Structure formats: C-alpha cells, structure tokens
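Structural description and commentary
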Amino acid sequence: MSEPHILVVDDERDIRDPLAAYLGRNGLRVTKAENAAAARQVLAAHAIDLILLDIMMPGEDGLSLAGFVRATSGIPVILVTAKTEDMDRIVGLELGADDYVTKPFNPRELLARIKAVLRRADGSARPVHAPEAEAYGFGPWVLRTGERELRDSDGVALPLSSGEYNLLLAFVTHPKRVLTRDQLLDLSQGRELAAFERSIDNHISRLRRKIEEDPSDPKLIKTVWGGGYTLASEVRRL
C-alpha cells in the first residue's frame, strides 16, 4: 500500500519545510503549498489524502479554502491555528474540519492526530457490516453498498467521504429509529476512532447539505431534540 499523501499549506516557510521533512521521515508523502492558490493547483493535479491547513494566510485564508475543500471533496482537513484564533478555530470546526492543532505544536502529537484522522477517513473500523452488493432506496436517493456510493434519481453518483458513507449506512439499516450520538458513533465508525463527539454533528451537517432539498429544513435526516437523529424516510431494499 502506498504511503498517504499529505498536503501541507502554510505561508511560513520555517514551519512548512521542517514539518514536511518530519512527516516525510515518518512514512508520509508530503506536498507543500505556500498559499491557498498553490494548494488549489495541487488539489487539481494530485490525489490528496489529508490537508494540514494554516488558518491565517495572506490572500485567501485557510477557512475559505477549508470551505471549498469540504464542498467539493471528502478530503480530511486538520486546521493549524494560533492560540489567539479561538473563534476561527470554532468556525473551522463548524465548516467540517476533522481536527485542529495549536501553534506551537508537538510534531509527534500532530503525527498521531494525522494517523487518527486517516484511520477514520479510511473507515478501517466499521461496526455496521452491510452485504457486499445491497441497495437501499430512500427519498430520491439510492445507497449502493457494493460500490460504496450514493446515487440520485438520475443515477448520478454523489461523492461521499468514508465517514459520511458509514453514517448514512447506519441510518438506512436503522430507519425511523432515533439514534443517539453515542449509538451513531458506535454504528458508523467506532468509538475508539472518534476524536470528538462533534464529528457526528459535522457529518450530519455535511450529509444534509448534500441530500436535503433545503438543509435548513431537513425532511430526510431529522434532529430529535434531547435524543439524537433519525432517518425519517421509508427505506426500500432494491
């Protein structure tokens, strides 16, 4: 198996270069970008497994780039923030960042966080085991487990991250049941792989933006106040 490909985006060369060298010595393939424009070029040309993204950069900042990445791909993002950027960090997490580290950071801790996020993205622990080639229809969507993909009513595949797929699989195999965040953690990715319980809320938010007609008024994945979430749609085995 080839080594994971990490994109390090930071305008400070004295952080970017030593970090890339350290990650390279520890079994990761690293590409560097000094700003968001360079990062976009890398993303268009290469298959990236994870992005280490500095928030404060001249020109387009890290939050804007994180929003673009989340809207167009399932690539995990770890934000790199300064201690004074608490609000930016919170906004980044709301955008769907998978984790964050604060400068100055310990390289060993950062490497551990990278490996943890990569394991989650890889879906290496999936307590819900669907048959190899099943199809679950709900609303206008069909989730195909053989291909691990979601298709719309026209048969067009919609990109899903591993976390989004695992969560959706948990819902279609437990339709019209209220599932707490704890249950969803256990069903979708395994508690030992969840760095923060908020990861469930992030995935729910991403899924709603992808599958709901109006994400602000969801009809498929509904919030049950004080309980958790439920897939309100009938599920058809196809």
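Our structure is the block above this text.
This text gives an overview of the structure that appears in the document.

Criteria and thresholds
- Residues numbered from 1 in each chain as written.
- Predicted model: local features only at pLDDT ≥ 70, side-chain atom pairs only at ≥ 80, totals over all residues.
- Heavy atoms only, no water.
- 1 Å grid on protein atoms, 1.4 Å probe; cavity = no way out; pocket = protein on both sides within 12 Å on 5 of 7 lines; lining within 4 Å.
- Points joined across faces, edges and corners; volume = space filled by probe spheres on them.
- Helix = DSSP H or I, 4+ residues; strand = E, 2+ residues; numbered from the N terminus.
- Nonpolar A, V, L, I, M, F, W, Y, C, P; charged D, E, K, R; others polar.
- Pairing = 2+ DSSP bridges.
- Axes fitted to C-alpha atoms, helices over the stretch in contact; angles between N-to-C directions.
- Contact = heavy atoms within 4.5 Å.
- Core = buried A, V, L, I, M, F, W, Y, C linked by side-chain atoms within 4.5 Å.
- Buried < 20%, exposed > 50% of the residue type's maximum accessible area, 1.4 Å probe, protein only.
- Salt bridge = Lys/Arg side-chain N within 4 Å of Asp/Glu carboxyl O.

Some points on empty space enclosed by the protein
Under the defined criterion, the tally for this structure stands at one cavity of 30 Å³ or more. Of the voids in this model, the largest cavity is the one considered here, and its volume is about 40 Å³. The wall of the largest cavity is formed by Val 8, Val 9, Asp 10, Ile 15, Leu 19, Leu 52, Leu 53, Asp 54, Val 80 and Phe 105. The biggest single contributor to the lining of the largest cavity is strand β3 (residues 50-54), with three residues. Each residue belonging to the lining of the largest cavity can be placed in one class, and the counts come to eight nonpolar, no polar and two charged.

Regarding the sheet that holds strand β4 (residues 77-82)
Backbone-to-backbone hydrogen bonds join strands into a sheet, with any given pair of strands oriented parallel or antiparallel. The strand order β2-β1-β3-β4-β5 describes an open sheet built from five strands, whose pairing is parallel. Only two strands of the sheet have a single neighbouring strand rather than two, namely β2 (29-33) and β5 (99-103). Looking at each pair of strands side by side, their axes are set apart by 20° on average, direction ignored. One ladder, built from four bridges, connects strand β1 (residues 5-9) with β3; its direction is parallel. Bridging from a neighbouring strand, Val 9 pairs with Leu 53 of β3. The strands touched by helix α2 (residues 36-45) are β1, β2 and β3; relative to β1, the strand with the most contacts, the crossing angle is about 165°. Running over the sheet, helix α3 (residues 62-72) touches β1, β3 and β4 and is turned about 160° from β3.

Digging into the nonpolar core
Phe 138, Leu 143, Phe 171, Leu 184 and Ile 221 are the most contacted members of the largest nonpolar core, which has 24 residues in total. Of all the elements in the fold, those that place two or more residues in this core are β6 (135-138), β7 (141-144), α6 (162-172), α7 (181-188), α8 (198-211) and β11 (228-231). Take this core: its biggest share by element is seven residues, from α6. Setting aside its immediate chain neighbours within four residues, Phe 171 contacts Leu 179, Leu 184, Ile 204, Ile 221, Tyr 229, Thr 230 and Leu 231.

So, the pattern of salt bridges
On inspection of all chains with the given rule, the structure shows 15 salt bridges. In this structure, Arg 206 and Asp 98 form a salt bridge, with 3.9 Å as the shortest nitrogen-oxygen distance. With Arg 206 in helix α8 and Asp 98 in the loop between α4 (86-95) and β5, this residue pair connects regions lying 108 residues apart in the sequence. Between Asp 217 and Lys 219 there is a salt bridge, with the nearest N and O atoms lying 3.1 Å from each other. By relative accessible area, which is 39% here, Asp 217 ends up partly exposed.

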